[in-house]
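# Fold and contact review
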Amino acid sequence: EAAVTQSPRNKVTVTGGNVTLSCRQTNSHNYMYWYRQDTGHGLRLIHYSYGAGNLQIGDVPDGYKATRTTQEDFFLLLELASPSQTSLYFCASSDGTGNTLYFGAGTRLSVL
Amino acid sequence: GEQVEQRPPHLSVREGDSAIIICTYTDSATAYFSWYKQEAGAGLQLLMSVLSNVDRKEEQGLTVLLNKKDKRLSLNLTAAHPGDSAVYFCAVSLNYNQGKLIFGQGTKLSIKP
C-alpha cells in the first residue's frame, strides 16, 4: 500500500488558472517536500515542511505556495499558473533522522 | 551554492555488461551522497547512500564510489539485467538529516538483450 499518495495524477489547466496539488503520507513522518522534475534539471526543491503548520522555502519557490495542514497532508498551490510551471511534481516524506526520502508517484501538470 | 552535474544523460548497455554513472559536485563540505532509481511512471526509490567518511560501498550488484579529492561520486551496476532499465539520479546534501537533497540531472539507462 502506497505510503505517499499524490492527487491528481494528471492535471491540465490554462494560463492564469488556480491549481492545488495534494499529497498525503501515512509514514508518520514529520518532514514533507515538494519537488519538480524537468528534463535537464533533475529534481528541484520547491517547498518543504518540518511539521503541521511549518513551511520552509526551497530552491525554486517563485510562483508557488504551500500549506501543511496536518502531519499527513501537504498541499502545493499555484494561484496564477504559467506555462513555465508545466512539469512533473513529486511529493516526498522523511523521518528527519536521515536523508532517505520516500516519494509519491508524481503529478503531471500541463499549463496551456 | 552546491552544483551537481551528472553524466551521461543516456546510457545503453547490453544485458550482462556493466554500467557506470558519474556525478560531480562542487562543495567540499558535502556530507551525504545517494543514488535513486526511477522506474517508468513511478516515484524515486533510494538505492544506496553513503556518508562522507565512506569511500566504497557494495550491495546486491551495485557499487558506489566516492572520491572526495575529485568531488566525484559514481554508481557501477555490474551484470546489468532488464530490470535495471530506469532513470537514475544522484542526490547529495550538506547535512545528515534534513532531507534537503540536491539532485543530478538524471541518467536514462537502457538494457539491450
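First things first, this report covers the structure right here in the doc. Worth saying up front: this structure is predicted, and the values here are computed from it rather than measured. (Residues numbered from 1 in each chain as written. Chains lettered and ligands numbered in written order. Predicted model: local features only at pLDDT ≥ 70, side-chain atom pairs only at ≥ 80, totals over all residues. Heavy atoms only, no water.)

### Brief notes about the sheet that holds strand β7 (residues 65-68) of chain A
All names here are of chain A. Condition: Whether two strands pair comes down to DSSP finding at least two bridges between them. In this text, helices come from DSSP runs of H or I with a minimum length of four residues, and strands from runs of E with a minimum of two, each type numbered from the N-terminal end. Here an angle of 0 to 180 degrees is reported between the N-to-C directions of two axes, which are lines fitted to C-alpha atoms, with helices fitted over the stretch in contact.
Read from one edge of the open sheet, four strands run β1-β3-β8-β7, paired in antiparallel fashion. Each of the sheet's edge strands pairs with one partner strand only, and the pair in question is β1 (4-7) and β7. Across the sheet, the axes of successive neighbouring strands diverge by a mean angle of 15°, strand direction being ignored. Both β7 and strand β8 (residues 73-78) contribute to a ladder of four bridges, which runs antiparallel. By the bridge assignment for β8, Lys-65 is matched with Leu-77.

### Describing the interface of chain B and chain A
Formally: Contacts are assigned to residue pairs that have any heavy atoms within 4.5 Å of one another. Accessible area that two parts lose when put together, evaluated with a 1.4 Å probe and summed over both, is termed the buried area. What counts as a salt bridge is simple: a side-chain nitrogen of Lys or Arg found within 4 Å of a carboxyl oxygen of Asp or Glu. In the analysis that follows, any N or O atom pair within 3.5 Å is treated as a polar contact, provided that within protein one partner can donate a hydrogen and the other can accept it, and provided that, for residues neighboring in sequence, both atoms belong to side chains. For this classification, Asp, Glu, Lys and Arg are treated as charged, while Ala, Val, Leu, Ile, Met, Phe, Trp, Tyr, Cys and Pro are nonpolar and the rest, including Gly, are polar.
With 20 residues of chain B at the interface, the matching set in chain A holds 23 residues. Buried surface at the junction of chain B and chain A, summed over both partners, amounts to about 1,700 Å²; 50% is from carbon and sulfur atoms. Across the chain B-chain A interface, the total number found is zero salt bridges. Scanning the region where chain B abuts chain A turns up five residue pairs in polar contact (both at pLDDT 80 or more). Among the elements of the structure, β4 (32-38), β5 (44-51) and β9 (86-93) of chain B are those that each provide at least two residues to the side of chain B that touches chain A. Broken down by element, the side of chain B that touches chain A gets its largest block of residues, three residues, from β4(B). In terms of residue class, the side of chain B that touches chain A is made up of nine nonpolar, 10 polar and one charged.

### A word on the environment of B:Glu15
Residue and element names in this part refer to chain B. Test applied: For every residue, the accessible area (1.4 Å probe, protein chains only) is compared with the maximum for its type, and the residue is labelled buried under 20%, exposed over 50%, or partly exposed between those bounds.
Within the fold, Glu-15 resides in the loop between β2 (10-14) and β3 (19-25). By relative accessible area, which is 43% here, Glu-15 ends up partly exposed. Spatially, the C-alpha atoms of Glu-15 and Gly-83 are 10.0 Å apart, while their sequence positions differ by 68 residues. Residue contacts for Glu-15: discarding those within four places in its chain leaves Ala-80, His-81, Pro-82, Ile-111, Lys-112 and Pro-113.

### Re the pattern of salt bridges
Evaluation of the coordinates by the stated rule reveals 10 salt bridges over all chains. The residue A:Glu79 makes a salt bridge to A:Lys65 at a minimum N-O spacing of 3.2 Å. Residue A:Glu79 is found in the loop between β8 and β9 (87-94), and its partner A:Lys65 is found in strand β7; the two are separated by 14 residues along the sequence. The exposure class assigned to A:Lys65 is partly exposed, which follows from its relative accessible area of 47%. B:Arg56 is the partner of B:Glu58 in a salt bridge, and the nearest nitrogen-oxygen pair spans 2.9 Å. In terms of burial, B:Glu58 and B:Arg56 fall into one category: exposed. Each of A:Arg36, A:Asp38 and A:Arg44 takes part in a single network of salt bridges with overlapping partners.

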